[in-house]
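Understanding the architecture of this molecule
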Amino acid sequence: MQASASDTAALLSTGHAKRIAFLFDSTLTAYLMMGNLSPGLKNHAVTMFEVGKLSDESIDSFLTELEKVGCVAEGEAQRYFDHAVTLRNTIRFLRYNRHLSPDPDFHNTGMGLDLLRCESLLGLDPGTCSRVLNKNYALLVSMAPLSNEIRPVSSCTPQHIGPAIPEVNSAWFKLFMYVLTESGPPSLLLVKGTRLTKLPKTFQAYDKLLVTVWGHDPSVVSTSNVLLVLNEALSHSAALIQAHGFVSDGEVVFVPFPIDTSQNSEFSRKNLCMHSAIQKLSAELQLGVTCGFVSMLRTGRSRTSAKQTRIKKLDALVEETCNGDFSVLEKCADDSGVVAKPQSLGLAVQCELEAEWVLLDCSFGIPLFDAALNRAVCENITSKGICRSESLRELLKSSRKLSLKLLHFISEHQVRDKLPVHGNHNLCTTRYKHYLNSMYQLYLINLFI
């Protein structure tokens, strides 16, 4: 739907000095409208939704209302409070912060901040949207993650800290990352029109599955009910199904980036950033010049429990034989006949622990759902100089490379004009179904079992 003349005028009016635009979706305005967060906050939320913009001139009043929001609530309301508090902190960070100026000598006091709703920008025709952004803004920053129900704004000028292209905000990007890093949960993409009579055997071992209906946000579904949910969704859309939890919901941990590559520490539960999949993803996608977070998943089902058992038995045997003095043994062998030095056993256990964690997702921008994660990402932006001119030039290059790689991956695995890329749910052809069968083998057997 095209924006009205009054909405376009509102989006165009920002004054002369260029500002930072923080891009959000309607999910945020819905949270701000729900519950009794603050008496005057709902009025601002209505303006953000209906006009599609909250200008810098209104930010002070908006912050005053956000200051009145408490930090503790009950049940589902806690999510609304968390978003309001982290939004307040994010506005303070982005607004008039000289460290975020591409040229600190020119903008030595930082830049003003406008809040823009993505859906309102997408309601403009492409030419008007480009003119609005170029005329008024020096930098675009997206909230993370943006809803799968919208197409994120893509922009080369002004440069955008967020999804490079809309396809980054789709299930295609997940599959692309899993192939790139050879890490991910058991995953199966089903085309529109598919009907399942029974769940594939691999997923039957899990109690919780993550289901992403194309163009919608993912949801965790009990394995006992998933066939009903999937068949209903597949009647009108494609769907991605993934393993999530072995006995209950899987454990998801968020790792902020840019990753600190200077530290030479080992992988651990508290140091997930050293996971080989994150390190490879950071190198391949040049995550050092942008910001966001990687989602890591532990389903609770070990893929190498037999190896772990052998290693633990061997450790116990060596300890008993040597009475703690490992120098008396030069070599030892496990049940499979593999010879290993005692000092290498700890490394083997470490590798097995790393294998319990797999890559789930990667989101670009500033998160609002978790205060600690929000703070870590904002600190990374400042410490790594993400908004400096030279870094933004590198961001533009890396965004173009990512876009080309992702679009090539999609083109290789779809029939032209027949497959969903982002928001298109056309029925797929037999050729694509054959690819899905091949992909089922790739994702469920070769890599992750």
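Keep in mind that this is a model prediction, so the values were computed, not measured. (Residues numbered from 1 in each chain as written. Predicted model: local features only at pLDDT ≥ 70, side-chain atom pairs only at ≥ 80, totals over all residues. Heavy atoms only, no water.)

**Considerations on the overall build of the chain**
Which entries qualify depends on this criterion: Runs of H or I in DSSP of at least four residues are treated as helices and runs of E of at least two as strands, each being numbered from the N terminus. Between buried and exposed lies partly exposed: a residue is buried under 20% and exposed over 50% of the maximum accessible area for its type, with that area taken using a 1.4 Å probe on protein chains only. Note on definitions: a residue-residue contact is assigned when non-hydrogen atoms from the two residues lie within 4.5 Å. A 1.4 Å probe and the Shrake-Rupley method give the accessible areas. Residues count as covered only by the protein chains that appear here.
For the chain, the count of helices and strands is 16 helices and 15 strands. Residues classed as buried in the chain amount to 51% of the 449 residues present. Of all intrachain contacts in the chain linking residues separated by at least 6 positions in sequence, the fraction that spans at least 24 positions is 72%. For the chain, the accessible area works out to roughly 21,000 Å², and carbon and sulfur atoms hold 53% of it.

**Notes on the packing of aromatic side chains**
As a reminder of what qualifies: Classification of ring pairs uses Phe, Tyr and Trp, with its six-membered ring standing for Trp, and accepts pairs whose centres are within 6.5 Å; under 30 degrees between planes counts as stacked, over 60 as edge-to-face, and the remaining range as tilted.
Taken as a whole, this structure holds 11 aromatic pairs when the rule is applied. Residues Phe176 and Phe409 carry aromatic rings whose centres are separated by 5.7 Å and whose planes lie at 65° to one another, so their mutual orientation is edge-to-face. Placement of the pair is Phe176 in helix H8 (residues 171-181) and Phe409 in helix H15 (residues 389-412), with a sequence separation of 233 residues. Taken individually, Phe176 and Phe409 each receive the classification buried, so the pair is uniform in this respect. When the ring of Phe293 is compared with that of Phe369, the centres are 5.5 Å apart and the planes differ by 70°; the resulting orientation is edge-to-face. Note that Phe293 is positioned in strand S11 (residues 292-298) and Phe369 in the loop between strand S15 (366-367) and helix H14 (371-383), a separation of 76 residues in sequence.

**Some points on the pairing of strand S9 (residues 239-245)**
Our working rule: Should DSSP find at least two bridges between two strands, the strands are regarded as paired.
Counting buried residues in S9 gives 7 out of 7 residues, a clear majority hidden from the surface. Where strand S6 (residues 187-190) meets S9, 4 bridges bridge the pair, whose relative direction is antiparallel. Bridging across to S9, Leu189 finds its partner in Leu240. Where strand S7 (residues 208-213) and S9 come together, 6 bridges link them in antiparallel fashion. Each residue of the ladder has a partner; that of Leu210, found in S9, is Gln242.

**Brief notes about the sheet that holds S9**
Selection rule: Throughout, an axis means a line fitted to C-alpha atoms (over the contacting stretch in the case of helices), and angles, computed between N-to-C directions, take values from 0 to 180 degrees.
Strand order in the open sheet made by the 4 strands is S6-S9-S7-S8, with antiparallel pairing throughout. Edge positions in the open sheet fall to S6 and strand S8 (219-222), since each of these has one partner strand only. When strand polarity is set aside, the average angle formed by the axes of neighbouring strands in this sheet is 30°. Looking at chain direction, S7 and S8 are connected through 4 bridges and run antiparallel.

**A short note on the side chain of Ser391**
Structurally, Ser391 can be placed in helix H15. With near-sequence residues (within four places) excluded, Ser391 lies in contact with Val289, Gly385 and Ile386.

**Let's talk about the sheet that holds strand S14 (residues 358-364)**
Sheet architecture is open: 3 strands sit in the order S10-S11-S14, paired in antiparallel fashion. One side of each edge strand has no neighbouring strand; the edge strands of this open sheet are strand S10 (251-257) and S14. The average undirected angle you get between the axes of adjacent strands in this sheet is 25°. Its contacts with the sheet place H14 against S10 and S11, and it is angled at close to 20° to S10.

**Structural notes on the nonpolar core**
Basically, it comes down to this: As used here, the term nonpolar core means buried Ala, Val, Leu, Ile, Met, Phe, Trp, Tyr and Cys residues forming a set that is joined through side-chain atoms within 4.5 Å.
In this structure, Phe22, Leu32, Phe62 and Leu115 are the most contacted members of the largest nonpolar core, which totals 60 residues. Here this core takes 8 residues from helix H5 (residues 77-94), the largest share from any one element. Apart from the residues lying within four places of it in its own chain, the contact partners of Phe62 are Leu32, Leu41, His44, Met48, Leu54, Leu87, Ile91 and Leu115.

**Focus: the pairing of strand S3 (residues 113-117)**
Judged by how many residues are buried, S3 sits mostly within the fold: 5 of 5 residues are covered. Residue alternation in S3 divides its side chains into two sets, Leu113, Leu115 and Arg117 and Asp114 and Leu116, and both sets are buried. With 5 bridges joining them, strand S1 (residues 19-24) and S3 adopt parallel strand pairing. Its bridge partner being in S3, Phe24 is matched across the sheet by Arg117. Two elements, strand S2 (residues 53-54) and S3, share 2 bridges in a ladder whose sense is antiparallel. Paired with Lys53 across the bridge in S3 is Leu116.

**Some points on the side chain of Glu354**
For the record, the criterion: We define a polar contact as two N or O atoms separated by no more than 3.5 Å, with the added condition that, inside protein, one atom must be a possible hydrogen donor and the other a possible acceptor, whereas residues neighbouring each other in sequence contribute only through side-chain atom pairs.
Considering the arrangement of structural elements, one finds Glu354 in helix H13 (residues 345-355). Judged by relative accessible area, Glu354 falls into the buried class, the value being 14%. A polar atom in the side chain of Glu354 sits 2.7 Å from the backbone nitrogen of Ser276. Discounting chain neighbours no more than four positions away, the residues touching Glu354 are Phe267, His275 and Ser276.

**Description of helix H3 (residues 41-50)**
Selection rule: Taking the helix axis as origin, the arc is that swept by the directions to the C-beta atoms.
Of all the positions in H3, only Leu41, His44, Ala45 and Met48 are classed as buried. Axial view of H3: buried residues confined to an arc of 100°, hence all on one face. When the buried face of H3 is taken as reference, the exposed residues oriented beyond 90 degrees from it are Asn43 and Glu50. Two residues or fewer after H3 comes Gly52, characterised by a positive phi angle close to 85°.

**Looking at the state of the cysteines**
Note the cut-off: Disulfides are defined as cysteine sulfur pairs within 2.5 Å.
Tallied over the entire structure, the rule returns 0 disulfides. The structure places no disulfide on Cys387, whose sulfur is separated from the nearest cysteine sulfur, that of Cys291, by 7.6 Å. Overall, the relative accessible area of 3% leaves Cys387 in the buried class.

**Observations concerning the packing of H3 against helix H4 (residues 56-67)**
In plain terms, the rule: We call two directions roughly parallel when the angle between them is under 35 degrees, roughly antiparallel when it is over 145, roughly perpendicular when it lies between 65 and 115, and oblique otherwise. Take the far helix as the reference: if the near one is turned anticlockwise from it by less than a right angle, the crossing is left-handed, and if turned clockwise, right-handed. Three classes are used, and their members are as follows: Ala, Val, Leu, Ile, Met, Phe, Trp, Tyr, Cys and Pro are nonpolar, Asp, Glu, Lys and Arg are charged, and the others, Gly among them, are polar.
Orientation of H3 relative to H4, taken along the N-to-C sense of each, is 135°, at an axis distance of 9 Å. As judged from the angle between their axes, H3 and H4 are oblique. When you trace H3 past H4, the crossing you get is left-handed. Residues Leu41, His44 and Met48 of H3 touch H4, and the partners they reach there are Ser58, Ser61, Phe62, Glu65 and Leu66. Considered class by class, the residues forming the contact of H3 with H4 number 4 nonpolar, 3 polar and 1 charged.

Note that every value here comes from positions in space, so none of it alone points to a role or purpose.
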